[in-house]
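Topology and contacts: notes
Chain by chain, the residues:
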Amino acid sequence: MKTMTKKKSAPALPLNTILDGDCIEVMNGLPEASVDLIFADPPYNLQLRGDLHRPDNSQVDAVDDAWDQFASFAAYDRFTHDWLAAARRILKPNGAIWVIGSYHNIFRVGAALQDAGFWVLNDVVWRKSNPMPNFRGKRLTNAHETMIWASKEEGAKYTFNYEALKSLNDGIQMRSDWVLPICTGHERLKDDNGDKAHPTQKPESLLHRVLVGSTNPGDVVLDPFFGTGTTGAVAKMLGRDYIGIEREAAYRKVAEKRLANIRKYDRDALQVSTSKRAEPRVPFGTLIERGMLRPGEELYSMNKRHKAKVRADGTLIGGDVKGSIHQVGAHLEGAPSCNGWTYWCFRREGKTVPIDVLRQQIRSEMEERPN
């Protein structure tokens, strides 16, 4: 009798949860190639020596926590190498990673990223519109941090919502220097004592831009240094799933409370601008098949100089030329090419309507998904 061996199913991803523990161990326990994006805000290894005071001698609440202490640069490099290896294992082939840091660590992290096999796509300078001053007056004010955006390997595909970021930037191509404020006021989370819950809490505006630009609704976003949960909060609002890893109980407590009060935007609000090339292809013949235009119906050029007749096979006949909406338009205009969708119109109830309106109607039907 033949014995059947049952295949073990892959462990389910712990979506929309905060996992307690060391980020390297936790990531190594997650399924391989299961995460779409990683946003990492690792310890900066500031190596502060003594207390930091303002000119009036009041003490600055700087980053002096144990999690930011490393015995040496070599120790920090080993830690960086290990968490990046764990992160790369769980990224999908078309996944990507963002790492943020300051001058204390970002150059070491950048070298480690490349050594690990990641392919750097951009470095982004987050220029703080309201930076903390340099209280000692011995150096320039640290007014920026650097983010590195990288794909899993050279030549790998990755998500980049170019048109969405362009729309965020008033129709101008998004640059690699982002002017955004640091966390202040109502956004700055406090603990039970009324103190800052986390010394390096990132603003939601920063994560909004990252996630809108490099993920899609339904993607899984992992943050191995979750802190007070900015990544998870923005991911939840934008309809992405998140996984947070955080070993500090105090931060987890604040993050859990924060996330419990977050609500996802409605489905229509989550849609973003896309490239025309990314939209579903609709042949002109589909408009004929669906009765939106009829064989024998006349189309008119936008400049009102030419007309052509629709044929049953989705071609046009205009003057002495037959062909596609693009070919006929180009011939009539004496141009090397023509976008027929924006060139031709039809008439309904005395109004002239671009045929592209019909194409967009079909596209919207194709893109509809059940809730």
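Up top is the structure.
This is a predicted model, so every value here is computed, not measured. (Residues numbered from 1 in each chain as written. Predicted model: local features only at pLDDT ≥ 70, side-chain atom pairs only at ≥ 80, totals over all residues. Heavy atoms only, no water.)

A word on the pattern of salt bridges. Counting across every chain of the model gives 13 salt bridges. The salt bridge involving D20 is made with R252; its shortest N-O contact spans 3.0 Å. One end of the pair, D20, is in the loop between β1 (17–19) and α1 (23–28); the other, R252, is in helix α7 (residues 249–260), and 232 residues separate them in sequence. A residue is classified by how much of its surface remains accessible, and D20, at 52% relative accessible area, is exposed. Judged by relative accessible area, which is 14%, R252 ranks as buried. Between R108 and D77 there is a salt bridge; the shortest N-O distance is 2.8 Å. (Salt bridge = Lys/Arg side-chain N within 4 Å of Asp/Glu carboxyl O. Helix = DSSP H or I, 4+ residues; strand = E, 2+ residues; numbered from the N terminus. Buried < 20%, exposed > 50% of the residue type's maximum accessible area, 1.4 Å probe, protein only.)

Moving on: helix α2 (residues 73–90). For α2, built from 18 residues, the straight-helix expectation of 26 Å at 1.5 Å per residue is met to within 8% by its first-to-last C-alpha distance of 26 Å. Along its buried surface, α2 packs onto α1, β2 (35–40), β3 (91–101), α3 (106–115) and β7 (220–223). (Expected span 1.5 Å × (residues − 1). Contact = heavy atoms within 4.5 Å.)

Relative orientation of the contacting elements α2 and α3 amounts to 45°, with a least axis distance of 10 Å. Our classification of the angle between α2 and α3 gives oblique. Two packed elements cross with a definite hand, and for α2 against α3 that hand is right-handed. Residues F73, Y76, D77, T80 and L84 of α2 pack against R108, V109, A112 and L113 of α3. For the contact of α2 with α3, a count of residues per class yields 6 nonpolar, 1 polar and 2 charged. (Axes fitted to C-alpha atoms, helices over the stretch in contact; angles between N-to-C directions. Parallel < 35°, antiparallel > 145°, perpendicular 65-115°, else oblique. Left-handed = near helix turned anticlockwise from the far one by under 90°. Nonpolar A, V, L, I, M, F, W, Y, C, P; charged D, E, K, R; others polar.)

So, on to unusual backbone geometry. Apart from glycine, the bulk of residues carry a negative phi angle, and the bulk of peptide bonds sit in the trans form. The phi dihedral of A33 falls on the positive side, at around 50°, and the residue is not glycine. Residue position: A33 is located in the loop between α1 and β2. At E349, a position not held by glycine, the phi torsion is positive, near 50°. With respect to the element layout, E349 can be found in the loop between β13 (344–348) and β14 (351–354).

What follows is about the environment of R359. Tracing the backbone shows R359 in helix α11 (residues 356–367). Judged by its relative accessible area of 12%, R359 is buried. On a C-alpha basis, the gap between R359 and V282 in space is 6.5 Å, while along the polypeptide they are 77 residues apart. When residues no more than four places from it in sequence are discounted, the contact partners of R359 are V282 and W341.

The subject of this paragraph is the sheet that holds strand β11 (residues 316–318). Strand order in this open sheet of 6 strands is β12-β11-β10-β9-β13-β14, and the pairing throughout is antiparallel. Each end of this open sheet is capped by a strand with a single partner; those strands are β12 (321–323) and β14. Strand-to-strand twist of the sheet, defined as the mean angle between neighbouring strand axes without regard to direction, takes the value 35°. Judged from the 2 bridges that link them, strand β9 (residues 298–301) and β13 form a sheet pairing that is antiparallel. Bridged to Y300 within β13 is C345. (Pairing = 2+ DSSP bridges.)

Inspection of every chain in the model, using the stated rule, returns 11 aromatic pairs. On the basis of an interplanar angle of 50° and a centroid distance of 6.3 Å, the ring pair of Y76 and F79 is categorised as tilted. Residue Y76 and its partner F79 are located together in helix α2, separated by 3 residues, close to a single helical turn. Residue classification places Y76 among the buried residues on the basis of a relative accessible area of 1%. Accessibility expressed as a relative area gives 17% for F79, which makes it buried. (Phe/Tyr/Trp six-rings, centres within 6.5 Å; stacked < 30°, edge-to-face > 60°.)

Here the focus is the sheet that holds β7. Taken together, 8 strands build an open sheet; the order of strands is β1-β8-β7-β2-β3-β5-β4-β6 and the sheet is mixed. Looking at the sheet topology across the chains shown, the edges are occupied by β1 and β6 (177–180). Averaged over all neighbouring strand pairs, the angle between strand axes comes to 20°, with direction disregarded. Sheet analysis places strand β4 (residues 119–128) next to strand β5 (residues 144–151), joined by 8 bridges and oriented antiparallel. Considered in β5, the bridge of D123 is made with I148.

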